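# Coordinates in review
So the chains spell out like this:
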Amino acid sequence: MMSKKHSTTFSEIKNIALADPVARAAYDDAEDEWKLREFLLKARKKAKLSQTELAKRLDIEP
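A brief look at the structure comes next. For clarity, every value in this text was computed on a predicted model and none was experimentally measured.

### Some words on the overall build of the protein
What the protein contains, in helices and strands, is 3 helices and 0 strands. Over its C-alpha atoms the protein spans a radius of gyration of 20 Å, topping by over 25% the 11 Å that the globule rule assigns to 62 residues. For the protein, the spread of C-alpha atoms along the three principal axes comes to 55 × 35 × 25 Å. Expressed as a percentage of the 62 residues in the protein, the buried residues total 6%.

Structure below.
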């Protein structure tokens, strides 16, 4: 039995969802958070620090 595919693309669904101001604000906040995470990860790797080493330097060991 073959499944029926939808003709609506992900981009179209995303645009519909982001037309809601509350959804747009949450999406924008999440995007900013991911950009910060990516920046910090690159900086840590450039400094050749492990997560454990960075945590020790920041005095945030578990």
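### Considerations on unusual backbone geometry
Peptide bonds are trans in most cases, and residues, glycine excluded, mostly fall at negative phi. In this structure, Lys48 takes a positive phi of about 55° despite not being glycine. Among the secondary structure elements, Lys48 is positioned in the loop between helix H2 (21-46) and helix H3 (51-57). Judged by its relative accessible area of 73%, Lys48 is exposed. The backbone of Asp59 sits at a positive phi, close to 55°, despite the residue not being glycine. Mapped onto the elements of the fold, Asp59 is located in the segment after H3.

### Let's talk about a nonpolar patch on the surface
On the surface, Leu36, Phe39 and Leu40 cluster together to form a nonpolar patch covering roughly 330 Å² of accessible area. Following the sequence through the fold, Leu40 ends up in helix H2.

### Re the packing of aromatic side chains
Pairs of aromatic rings are described using the distance from one ring centre to the other and the angle between the two planes. Counting across every chain of the model gives 0 aromatic pairs. When the ring centre of Trp34 is taken as origin, the NZ or CZ atom of Arg37, which lies over that ring, is 4.8 Å away.

### A closer look at the pattern of salt bridges
Inspection of every chain in the model, using the stated rule, returns 4 salt bridges. Here Glu31 and Lys35 are joined by a salt bridge, their closest N and O atoms 3.8 Å apart. In this pair, Glu31 and Lys35 are both assigned in helix H2, 4 residues apart and thus about one turn of the helix distant. Residues Glu33 and Arg37 are paired through a salt bridge, measuring 2.5 Å at the closest nitrogen-oxygen approach.

Conventions adopted
- Residues numbered from 1 in each chain as written.
- Predicted model: local features only at pLDDT ≥ 70, side-chain atom pairs only at ≥ 80, totals over all residues.
- Heavy atoms only, no water.
- Helix = DSSP H or I, 4+ residues; strand = E, 2+ residues; numbered from the N terminus.
- Rg over C-alpha atoms; globule rule 2.2 N^0.38 Å.
- Buried < 20%, exposed > 50% of the residue type's maximum accessible area, 1.4 Å probe, protein only.
- Patch = residues over 30% accessible without salt bridge, like charges linked within 9 Å, V, L, I, M, F, W, Y side chains within 5 Å.
- Areas by Shrake-Rupley, 256 points an atom, 1.4 Å probe, with all protein chains shown as cover.
- Salt bridge = Lys/Arg side-chain N within 4 Å of Asp/Glu carboxyl O.
- Phe/Tyr/Trp six-rings, centres within 6.5 Å; stacked < 30°, edge-to-face > 60°.
- Lys NZ or Arg CZ within 6 Å of the ring centre and 35° of its normal.

Function-wise, these values are silent; they only describe arrangement.
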